[in-house]
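Coordinate analysis (summary)
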Amino acid sequence: KFVRDTLILQIGKISVTALSLISTILVTRVLGPQQYGLYALADNLFVLFTIIDISGSTASTNTRMARAIGANDAVEAANVLAYGLQSSIVMRLIIALLLLLIGPAFAHATQGNATIGAMAVVLAIASPLDVIYAQLLLALQARRSMTAASAMQTTNQLVLTVLMIGAVLVVPQAESLVVARLLYSIITLAIILIVYTRLRTRGSFILPRLSMLAGRAISQSPRPYWRFGVANAIDKNISNQFVSLIIQLVGAFGGSLAAGYFGLAMRGVAQVTVLGVAVLENLNSAIPQAIGRGDYFNLR
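Positions within a chain are numbered from 1, following the residues in the order the chain's sequence is written. In keeping with the predicted nature of the model, local features appear solely for residues at pLDDT of at least 70, side-chain atom pairs appear and are counted solely at 80 or more, and the whole-chain, interface and lining totals rest on all residues. Computation of side-chain values covers all heavy atoms of the structure but excludes hydrogens and water.

Regarding the overall build of the protein chain
A run of H or I in DSSP becomes a helix once it reaches four residues, and a run of E becomes a strand once it reaches two; helices and strands are each numbered from the N terminus. If you tally the helices and strands in the protein chain, you get eleven helices and zero strands. The linear arrangement of helices and strands in the protein chain, starting from the amino end, is α-α-α-α-α-α-α-α-α-α-α. Between the two quantities, the radius of gyration covers C-alpha atoms and the globule rule is 2.2 Å times the number of residues to the power 0.38. Taking 300 residues into account, the globule formula puts the C-alpha radius of gyration at 19 Å, and the protein chain, at 20 Å, falls close to it. The dimensions of the protein chain, computed from C-alpha atoms along their principal axes, are 55 × 40 × 35 Å. Long-range pairs, those at least 24 residues apart, make up 83% of the contacts in the protein chain with a sequence separation of at least 6. Should any heavy atoms of two residues lie within 4.5 Å, those residues are considered in contact.

Let's talk about the packing of helix α1 (residues 2-31) against helix α6 (residues 146-170)
To define axes, lines are fitted to C-alpha atoms, for helices over the stretch in contact only, and angles between the resulting N-to-C directions are given on a 0 to 180 degree scale. It is at 9 Å that the axes of α1 and α6 come closest, and there the two elements cross at 5 degrees. In terms of axis orientation, α1 runs roughly parallel to α6. Partitioned by chemical class, the residues of the contact of α1 with α6 number 15 nonpolar, ten polar and two charged. Angle categories are assigned with fixed cut-offs, so that under 35 degrees is roughly parallel, over 145 is roughly antiparallel, 65 to 115 is roughly perpendicular, and the rest are oblique. Under the scheme applied, nonpolar residues are Ala, Val, Leu, Ile, Met, Phe, Trp, Tyr, Cys and Pro; charged residues are Asp, Glu, Lys and Arg; polar residues are all the others, including Gly.

Some points on the environment of Gly166
Along the polypeptide, Gly166 turns up in helix α6. The exposure class of Gly166 is partly exposed, given its relative accessible area of 30%. Between the alpha carbons of Gly166 and Leu48 there is a distance of 28 Å; along the sequence they are 118 residues apart. Throughout this description, buried means an accessible area under 20% of the type-specific maximum (1.4 Å probe, protein chains only), exposed means over 50%, and partly exposed covers the range between.

Considerations on the packing of aromatic side chains
Here a Phe, Tyr or Trp ring, Trp counted by its six-membered ring, pairs with any other such ring whose centre lies within 6.5 Å, and the pair is stacked when the planes are under 30 degrees apart, edge-to-face when over 60, and tilted otherwise. Enumeration according to the criterion identifies two aromatic pairs in this entry. Seen in terms of ring centroids, Tyr36 and Tyr39 are 6.4 Å apart; in terms of plane orientation they differ by 50 degrees. Their pairing is tilted. With Tyr36 and Tyr39 both in helix α2 (residues 33-49), this residue pair falls three residues apart, about one helical turn. Here Tyr39 falls in the buried class, since its relative accessible area comes to 7%. Seen in terms of ring centroids, Phe49 and Phe106 are 6.0 Å apart; in terms of plane orientation they differ by 90 degrees. Their pairing is edge-to-face. Here the residue Phe49 occupies a position in helix α2, and Phe106 occupies one in helix α4 (residues 74-111), the gap between them amounting to 57 residues.

Details of the environment of Leu97
Relative to the helices and strands, Leu97 resides in helix α4. With a relative accessible area of 49%, Leu97 lands in the partly exposed category.

Points about the side chain of Asp53
With respect to the secondary-structure elements, Asp53 resides in the loop between α2 and α3 (57-70). Its relative accessible area of 9% is what places Asp53 among the buried residues.

Quick look at helix α10 (residues 277-293)
Relative to the 24 Å expected for 17 residues at 1.5 Å per residue, α10 spans 25 Å between its end C-alpha atoms, a close match to the ideal helical length. Consider a residue and the seven residues that end there alongside the seven that start there; fitting an axis to each set, the bend is the angle between those axes. In α10, a bend of some 25 degrees at Leu283 exceeds every other bend along the element. Of the residues making up α10, those classed as buried are Ala278, Glu281, Asn282, Ser285, Ala286, Pro288, Gln289 and Ala290. In this structure, the buried side of α10 is in contact with α1, α3, α5 (114-142), α6 and α11 (296-299). Phi turns positive one or two residues past the end of α10, at Gly294, with a value near 75 degrees. Helices are assigned an expected span. That span is 1.5 Å times one less than the residue count.

Considering the side chain of Lys13
In this fold, Lys13 is placed in helix α1. Residue classification places Lys13 among the buried residues on the basis of a relative accessible area of 14%. Apart from the residues lying within four places of it in its own chain, the contact partners of Lys13 are Gln153, Val274, Val277 and Glu281.

Things to note about the confidence of the model for the protein chain
On average, residues of the protein chain carry a pLDDT of 88, and 100% of them reach 70 or more. By mean pLDDT, helix α9 (residues 226-270) is the weakest element of the protein chain at 82, and helix α7 (residues 174-199) is the strongest at 94. Confidence scores labelled pLDDT are given residue by residue by the predictor and lie between 0 and 100.

What to know about the pattern of salt bridges
Any Lys or Arg side-chain nitrogen found within 4 Å of a carboxyl oxygen on Asp or Glu counts as a salt bridge. Enumeration over the complete set of coordinates arrives at five salt bridges. Here Asp5 ties to Lys1 by a salt bridge, and the two come within 2.9 Å at their closest N and O atoms. The class for Lys1 is partly exposed, based on a relative accessible area of 47%. Put simply, Asp295 and Arg293 hold a salt bridge, and the shortest N to O gap is 3.7 Å.

A short note on unusual backbone geometry
Of note in the backbone geometry, Asn72 takes a positive phi value of approximately 60 degrees without being a glycine. At Arg144, a position not held by glycine, the phi torsion is positive, near 65 degrees. Checked against the element boundaries, Arg144 lands in the loop between α5 and α6.

The following block contains the structure:
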């Protein structure tokens, strides 16, 4: 199963990379490097502000839920996923509010263009929808429903590719990409809600209902889970900021044209991870499940 799941994930990753390549080539050719640079600066400004998201919801859900599934503990799995939704949504709402208050002024002070901050605000407003999508996808991966997870990742990128290309063909401006990202967040959330509802009872472990998760996300105490998430988040958040910080500095000193070229180059470099990320994603689910089952022979 591990080898089969890895191959399924790898096919999905290659498909996502191919779609991303098509989107990047067409979008940048239509927009030009300067408009693409404005979008890159807005996107990376939003990423910079995510450093305050210390919920660690991704690592917490992925590791703790897979372990609960391995132990066949339905109550713990529901609690972990509810905490992941609760913490990630709250943190993204805080980031959106912070960007709304100071984003345009910050962008004007650092880049000489308040519009960059306004675009970052829209991206932040869309991000709570993205984290709901991510948490439900993690639940499928934690159960090792890798065919469904891989299909969702490919569908996700296909929707983004179509919307971004369509947006710049209609209005070739950086703002069009921001609108496309907002529509993408709404559409992909609707898709994952349908897929999760249909697939949650399939397999050896039944995932919690959406209605149950909504209730628990409001009432769930973060006390049993937050320490694990924070410990992971602090390290990961700092490491994730380096590229965004450099792009902001390039934009501040070299302008949006330089930021566009540099952002595009870094985007290309990031695609190299497609060669090994499928194995890592599969291990992220298989290892906690083996620990939950006490299956240390196969874990080794």
